[in-house]
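Topology and contacts: notes
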Amino acid sequence: MTKLGRLYSLFDSVELPENLPYTQCSTWELEFLYLLGRHHLTGQGQIVELGSGGGGSTYALALGLSESPVFDTRKGRLHAYDFFRVGKGTFASEKFFDSGHKPDDDNSFLADFERRLGPFLPFIEIHAGDLWQTSDPEDTTPVEFLHIDIAKTARVFRCVSERFLSRMQVGTVVLHQDFAGPRLPWLHHSTGALLPYIEIAGPPIRSTLAFEVTKPVPADVLKRITEDDYTVDEKLALISAVQDRIDRDHTGGIPFKSVLELSKAYVAHYDGQHRRAWSIAKPLQSDEYLSRTRADHFEQLKKAYAKEPSFLDKLVRRTVGRR
């Protein structure tokens, strides 16, 4: 059992406050964050949360850190990154406001976040805005912990990889909160590329995959991940390698082998190979979990496939184009 894996046995010992700030994380994910702060993290490297949202996950982690026998709240810092506002491209919910909806004159919930995290603000450093602007490209400080709940687009994931994953060292803990998201295949094939250098803690905690770096990650591996320097076939193989390591989440509710298979379809879809994408996705419609929770994914892939010209259409177009 990995060192992180030992935290699974402590779930039943956690009693989080009932009035936690609104969050889209499950109770199990919040408990795991608390356990990490309380029993694992030291503050010897940077502790980073990318995508703090309404503050529920930040609160759980900060509470654990505040009760840790080794984390020094006078010197240690929890770095919280987010747009802290709703609007196009932020993927934020209006539920992050105390009122549950956006005020007419303001789209920022930063003040609400600060009120909720009040007891822990002395050791929380807030970075509000676009991650490309709020993160420091010159910062090479080792990262001890990285909670990633922000990589909703390939553009943002490149920033995460370039400025945070590049600072991993042996002992770094990474949590991918969106690992059950088939539309985010960069999370999956990048993890596949890292498999020789990490230990997966155990079954995913609901939608979160946790792993610890156990061997130094070569610079060329990190460079390829950052630059998305893999062919479609290579990405599919990397995702298959992850499928060999994980099955269902720790509650048995999420079939990750199927989720990752649908992720492969999105690798092809984003590359413009819509026929190939649908050939991967179509058989997965019989999966009970995916058919119930990802119907919109199938519709998107099927629609793109239907619009893709057939081989005959392409041949006719090329022939006409030469005349």
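The preceding data block contains the structure.
Residues numbered from 1 in each chain as written. Predicted model: local features only at pLDDT ≥ 70, side-chain atom pairs only at ≥ 80, totals over all residues. Heavy atoms only, no water.

Considering the overall build of the protein
Per the secondary structure count, the protein includes 13 helices and seven strands. For 323 residues, the compact-globule estimate of 2.2 N^0.38 gives 20 Å, and the C-alpha radius of gyration of the protein, at 21 Å, lies within 12% of that figure. Principal-axis analysis of the C-alpha atoms places the extent of the protein at approximately 75 × 50 × 45 Å. Here the protein holds 323 residues, and the buried ones make up 52% of them. Sequence-distant contacts, at least 24 apart, represent 72% of the contacts inside the protein between residues at least 6 apart. Accessible area of the protein: about 15,300 Å², with a carbon and sulfur share of 49%. Across the protein, the mean location of the 40 positive side-chain charges is 8 Å away from that of the 44 negative side-chain charges. (Helix = DSSP H or I, 4+ residues; strand = E, 2+ residues; numbered from the N terminus. Rg over C-alpha atoms; globule rule 2.2 N^0.38 Å. Buried < 20%, exposed > 50% of the residue type's maximum accessible area, 1.4 Å probe, protein only. Contact = heavy atoms within 4.5 Å. Areas by Shrake-Rupley, 256 points an atom, 1.4 Å probe, with all protein chains shown as cover. Lys, Arg positive; Asp, Glu negative; His and termini not counted. Charge placed at Lys NZ, Arg CZ, Asp CG, Glu CD.)

Points about the sheet that holds strand β4 (residues 143–148)
Strand order in the open sheet formed by seven strands is β3-β2-β1-β4-β5-β7-β6, with mixed pairing between adjacent strands. Where the open sheet ends on each side, the last strands, each with one partner, are β3 (124–128) and β6 (198–200). In this sheet, adjacent strand axes meet at a mean angle of 20° when their direction is disregarded. In the sheet, strand β1 (residues 46–50) pairs with strand β2 (residues 78–82) via four bridges, with the strands oriented parallel. The residue bridging I47 from the neighbouring strand is L78, located in β2. On top of the sheet, helix α1 (residues 27–39) reaches β4, β5 (173–176) and β7 (209–213); it is set at about 170° to β5, its chief contact. (Pairing = 2+ DSSP bridges. Axes fitted to C-alpha atoms, helices over the stretch in contact; angles between N-to-C directions.)

A short note on empty space enclosed by the protein
Under the counting rule described, the total for this entry stands at one cavity of 30 Å³ or more. By volume, the largest cavity amounts to about 40 Å³. Lining the largest cavity are C25, E29, F32, L33, H147, L175, Q177, I205 and T208. Of the residues belonging to the lining of the largest cavity, the class tally is five nonpolar, three polar and one charged. (1 Å grid on protein atoms, 1.4 Å probe; cavity = no way out; pocket = protein on both sides within 12 Å on 5 of 7 lines; lining within 4 Å. Points joined across faces, edges and corners; volume = space filled by probe spheres on them. Nonpolar A, V, L, I, M, F, W, Y, C, P; charged D, E, K, R; others polar.)

Thoughts on the layout of surface pockets
Approximately 480 Å³ is the volume found for the largest pocket. Split into classes, the residues belonging to the lining of the largest pocket amount to nine nonpolar, 14 polar and six charged. Roughly 320 Å³ of internal volume is contained in the second largest pocket. Residue lining of the second largest pocket: 19 residues in total, with A154, W186, H189, D228 and K235 positioned closest to the centre. If you list the elements that add at least two residues to the lining of the second largest pocket, you get α5 (154–163), α6 (185–194), α7 (219–226), α8 (232–243) and α9 (256–270). Top contributing element to the lining of the second largest pocket by residue count: α6, with four residues.

Regarding α6
For α6, a buried count of ten out of ten residues is recorded, marking the element as mostly surrounded by other parts of the structure. Listed in full, the buried residues belonging to α6 are P185, W186, L187, H188, H189, S190, T191, G192, A193 and L194.

Observations regarding the side chain of E212
Residue position: E212 is located in strand β7. We classify E212 as buried; its relative accessible area is 8%. For E212, the residues in contact, after removing those within four places along its chain, are K3, L4, H40, G171, T172, V173, Y197, I198 and E199.

Structural notes on the pairing of β4
Of all six residues making up β4, six are buried, and the element is well covered by its neighbours. As defined by bridge partners, β1 adjoins β4 across five bridges and the pair is classed as parallel. Within β4, the residue paired with Q46 across the bridge is V143. One ladder, built from four bridges, connects β4 with β5; its direction is parallel. Counterpart to F145 in the pairing with β5 is V173. Between the parallel elements β4 and β5, the chain passes through α5 in a crossover that is right-handed. (Right-handed = clockwise from strand over helix to strand, strands pointing away.)

Considering the packing of α8 against α9
Between α8 and α9, whose axes approach to 10 Å, the crossing angle comes to 175°. If you check the angle between α8 and α9, you find them roughly antiparallel. Taking contact as the criterion, the partners of V232, K235, L236, I239, S240, V242 and Q243 in α8 are, on α9, K257, L260, E261, S263, K264 and V267. The class makeup of the residues in the contact of α8 with α9 is six nonpolar, three polar and four charged. (Parallel < 35°, antiparallel > 145°, perpendicular 65-115°, else oblique.)

Quick look at the packing of α1 against helix α2 (residues 56–66)
Orientation of α1 relative to α2, taken along the N-to-C sense of each, is 30°, at an axis distance of 6 Å. Judged on the interaxial angle alone, α2 and α1 are roughly parallel. As α1 runs across α2, the sense of the crossing is right-handed. Contact residues: α1 offers L30, L33, Y34, G37 and R38, while α2 offers G56, S57, A60, L61, L63, G64 and L65. Residues of the contact of α1 with α2, tallied by class, amount to seven nonpolar, four polar and one charged. (Left-handed = near helix turned anticlockwise from the far one by under 90°.)

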